[in-house]
Amino acid sequence: MKRQTIHHTGLCVGRRLRYVLPLLLFVLLLSSSCSVSYKFNGASIDYTKTKTIQIADFPIRASYVWGPMGPIFNNELKDIFANHTKLIQVKRNGDLKIEGEITQYTQRNKGISSEGYSSQVELAMTVNVRFTNNVKHSEDFEKQFTATAVYESTQSLNSVQEELVNQMVKEITEQIFNATVANW
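Right, let's walk through the structure included here. (Residues numbered from 1 in each chain as written. Predicted model: local features only at pLDDT ≥ 70, side-chain atom pairs only at ≥ 80, totals over all residues. Heavy atoms only, no water.)

### Points about the packing of helix α2 (residues 69–84) against helix α3 (residues 157–182)
- Where α2 meets α3, the closest approach of the two axes is 9 Å, and the angle between their N-to-C directions is 40°. As the angle between them shows, α2 and α3 are arranged oblique. As α2 packs across α3, the resulting crossing turns out to be right-handed. Contact residues: Met 69, Ile 72, Phe 73, Glu 76, Leu 77, Ile 80, Phe 81 and His 84 in α2; Val 165, Asn 166, Val 169, Ile 172, Thr 173, Glu 174, Ile 176, Phe 177, Thr 180 and Val 181 in α3.
- Residue composition of the contact of α2 with α3, by class: twelve nonpolar, four polar and two charged. (Axes fitted to C-alpha atoms, helices over the stretch in contact; angles between N-to-C directions. Helix = DSSP H or I, 4+ residues; strand = E, 2+ residues; numbered from the N terminus. Parallel < 35°, antiparallel > 145°, perpendicular 65-115°, else oblique. Left-handed = near helix turned anticlockwise from the far one by under 90°. Contact = heavy atoms within 4.5 Å. Nonpolar A, V, L, I, M, F, W, Y, C, P; charged D, E, K, R; others polar.)

### What about α2?
- The terminal C-alpha atoms of α2, which comprises 16 residues, lie 23 Å apart, in line with the 22 Å expected from a rise of 1.5 Å per residue.
- Every buried residue of α2 is accounted for by Met 69, Gly 70, Phe 73, Asn 74, Leu 77, Ile 80 and Phe 81. Summarising the axial view, the buried residues of α2 lie within an arc of 130°, below the 170-degree limit, and thus occupy one face.
- Those residues of α2 that are buried are in contact with β1 (52–55), β2 (88–89), β3 (96–112), β4 (118–133) and α3. (Expected span 1.5 Å × (residues − 1). Buried < 20%, exposed > 50% of the residue type's maximum accessible area, 1.4 Å probe, protein only. Arc of directions from axis to C-beta.)

### Observations concerning the pattern of salt bridges
- All chains considered together, the criterion is met by eight salt bridges.
- Across the salt bridge formed by Arg 130 and Glu 142, the nearest N and O atoms sit 3.8 Å from each other. Pair noted here: Arg 130 is in strand β4 and Glu 142 is in strand β5 (residues 141–152), with a separation of twelve residues, a long-range link.
- On the basis of relative accessibility, which here comes to 52%, the residue Glu 142 falls in the exposed class.
- The structure contains a network of salt bridges with shared partners spanning Glu 101, Arg 130 and Glu 142. (Salt bridge = Lys/Arg side-chain N within 4 Å of Asp/Glu carboxyl O.)

### Describing the sheet that holds β1
- Ordered in space as β2-β1-β3-β4-β5, the five strands form an open sheet in which the pairing is mixed. For this open sheet the edge positions go to β2 and β5, each flanked by a neighbour on one side alone.
- Inspection of the sheet shows β4 paired to β5 by twelve bridges, in the antiparallel sense. If you follow Thr 126 over to β5, its bridge partner there is Thr 146.
- Those strands touched by α2 are β1, β2, β3 and β4, and its axis lies near 125° from that of β3.
- The sheet strands contacting α3 are β3, β4 and β5, and the helix crosses β5 at an angle near 150°. (Pairing = 2+ DSSP bridges.)

### Examining the layout of surface pockets
- Approximately 200 Å³ is the volume found for the largest pocket.
- Residue lining of the largest pocket: 13 residues in total, with Ser 44, Asp 46, Thr 50, Asn 133 and Glu 139 positioned closest to the centre. (1 Å grid on protein atoms, 1.4 Å probe; cavity = no way out; pocket = protein on both sides within 12 Å on 5 of 7 lines; lining within 4 Å. Points joined across faces, edges and corners; volume = space filled by probe spheres on them.)

Note that every value here comes from positions in space, so none of it alone points to a role or purpose.
As structure tokens, then:
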């Protein structure tokens, strides 16, 4: 008789664990995913004090220039703030102010083949950013953000330039967003 009772008790505990364990795992995953999305969506902004952002167009000051790069960068920078914050974009007197310039756009040999020729080329883009927080000036900064992309030397720059510039712009604008309002 005792044997059946012990077996029966073990079966009940097993059933409970089967329901409790997935529930605990679900709650853990839910809470950790909320944390990441919470910060990326601009949650570190106090919207009661900070309501507007002024984003200036960044001119290209690099010695090598690809014409569409400026508009691509400026549009992406404004879009990331429009899509991930509740800040209203204004032309002047913003609570937050972002300005700067594209200072570098270069390419260099990245890899060398066994024959001694270039096998890969690295494209690099650097942007200088001045950030002013008119609500909390202790967060003001000026710094540079850089992104790189590599392509095979058998490809022409013209054939890959648009795709690579878009990749680098996306990476740099995310870096700027994180440094200015996400506090990562």
